[in-house]
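Analysis of the macromolecular model
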Amino acid sequence: MQRPTLFIADLHLTPERPQINAAFFAFLAGPATQAQALYILGDFFEAWVGDDDLAHPLHAQVAAALKRLAQAGVPIHVMHGNRDFLLAEAFCQASGATLMADPSIIELNGEKTLLMHGDTLCTDDVAYQAFRSQTREPNWQAAFLAKPLGERLALAGALRTQSEQTKADKTPEIMDVHPKAVNQALHQAGCRRLIHGHTHRPARHPLEIDGHSAERWVLPAWYEGAGWLQCDATGCQMKHS
Ligand SMILES: [Mn+2]
């Protein structure tokens, strides 16, 4: 039996949701041990203000658990989300994970597959895209990381509150992916399969790209429990626990 490849995203790990953290540790000690590889497609943490936040007990525990899996021979790939785009080298050292670019193309059981966090596909959310561009600038990140850890945590908390407030004013359509952006991403990548997270709207969407049938998988958020996409030679399926 060929080992499956597993995809997760939007766990939003935080000390405030201990049941979800427990579900993640159970996933790592269970299904993940049988995987060919594990891909974490962004928003793994509710917030990540810099790798010095590894000092937090939960963060240290998560990194150690990942490292056990990596050392057992399961490669772990992590993509930045909009909450944890400051995950960097020290996190990789501590967890045994490798950072991957957004977007990335992988060969998944013979099918070129496009992986993204998903936020760049939400092109109707102009205010968010402006914020995203700003926070991905090296100068902005250097200035932010130069602040004391306590100040960064306070800023991240304020940003989250602000984001919750502006979300309430946005229509569901604005916060979903734009079909044109999806088609363009698949066309440019020359892929017929896209896997992403971010929107918290788990589903499989059949598509047609350049006259070929294609599919878009949206990974579930881990608010109620664990959910992942499992892919092998027979295809992909959503799993829950
Ligand atoms: Mn996100």
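In the block above lies the structure referred to throughout.
The structure presented is a predicted model; accordingly, all values stated were derived computationally and were not measured.

Quick look at the overall build of the chain now. Regarding its fold elements, the chain presents seven helices and 11 strands. The globule rule puts the C-alpha radius of gyration for 241 residues at 18 Å, and the 17 Å found for the chain is close to it. Looking at the 241 residues of the chain, the share that counts as buried comes to 33%.

This part is about the pairing of strand β8 (residues 203-209). Relative to strand β9 (residues 212-218), β8 runs antiparallel, the two being bridged by seven bridges. Each bridged residue has a counterpart across the sheet, and for H205 the counterpart in β9 is R216. If you look at the hairpin formed by β8 and β9, you'll find two residues sitting between the two strands, and D210 has a positive phi there, around 50°.

A few words now on the sheet that holds strand β1 (residues 5-8). Strand order in this open sheet of six strands is β4-β3-β2-β1-β10-β11, and the pairing throughout is mixed. Each having just a single partner strand, β4 (98-100) and β11 (235-240) make up the two edges of the open sheet. This sheet shows a mean twist of 25° between the axes of neighbouring strands, independent of strand direction. Across six bridges, the pairing between strand β10 (residues 227-232) and β11 is antiparallel. Looking at β11, one finds that W228 is bridged to K239.

To continue, consider the nonpolar core. F7, L38, I40, L41 and L219 are the most contacted members of the largest nonpolar core, which has 52 residues in total. Looking at which element gives the most residues to this core, the answer is strand β2 (residues 37-41), with four residues. Each residue touching L219, except ones within four places of it in the same chain, is listed here: F7, I8, A9, D10, L41, I195, H196, G197, P202 and L229.

This part is about helix α2 (residues 57-71). Here α2 contains 15 residues, and its C-alpha end-to-end distance of 21 Å stays within 8% of the 21 Å for a straight helix at 1.5 Å per residue. Close packing links the buried residues of α2 with α1 (18-29), β2, β3 (76-79) and α3 (89-95). Directly beyond the C-terminal end of α2, a positive phi value near 105° is found at G73.

With respect to topology, five strands assemble into an open sheet ordered β5-β6-β7-β9-β8, the strand pairing being mixed. On the outer flanks of this sheet lie β5 (104-108) and β8, each paired with one strand and no other. Between one strand axis and the next, the sheet turns through 25° on average, direction left out of account.

Along the polypeptide, A143 turns up in helix α5 (residues 138-145). Look at A143 and you get exposed, because 10 C-beta atoms sit within 10 Å.

Attention shifts here to unusual backbone geometry. With an omega dihedral of 0°, the bond running from D102 to P103 counts as a cis peptide bond. Phi at D10 takes a positive value of approximately 55°, unusual for a residue other than glycine. The residue D10 is located in the loop between β1 and α1 in this model. Of the residues examined, D10 has 27 C-beta atoms within 10 Å and is grouped as buried. Notably, H200 is not glycine yet its phi reads approximately 60°, a positive angle. Tracing the backbone through its elements, the reader meets H200 in the loop between β7 (193-196) and β8. By C-beta crowding, H200 is classed as partly exposed, having 18 other C-beta atoms within 10 Å.

Procedures and definitions
Residues numbered from 1 in each chain as written. Predicted model: local features only at pLDDT ≥ 70, side-chain atom pairs only at ≥ 80, totals over all residues. Helix = DSSP H or I, 4+ residues; strand = E, 2+ residues; numbered from the N terminus. Rg over C-alpha atoms; globule rule 2.2 N^0.38 Å. Buried ≥ 20, exposed ≤ 12 C-beta atoms within 10 Å, placed from the backbone. Pairing = 2+ DSSP bridges. Axes fitted to C-alpha atoms, helices over the stretch in contact; angles between N-to-C directions. Core = buried A, V, L, I, M, F, W, Y, C linked by C-beta atoms within 7 Å. Contact = placed C-beta atoms within 7 Å. Expected span 1.5 Å × (residues − 1).

The quantities given are spatial measurements derived from coordinates; they are silent on function.
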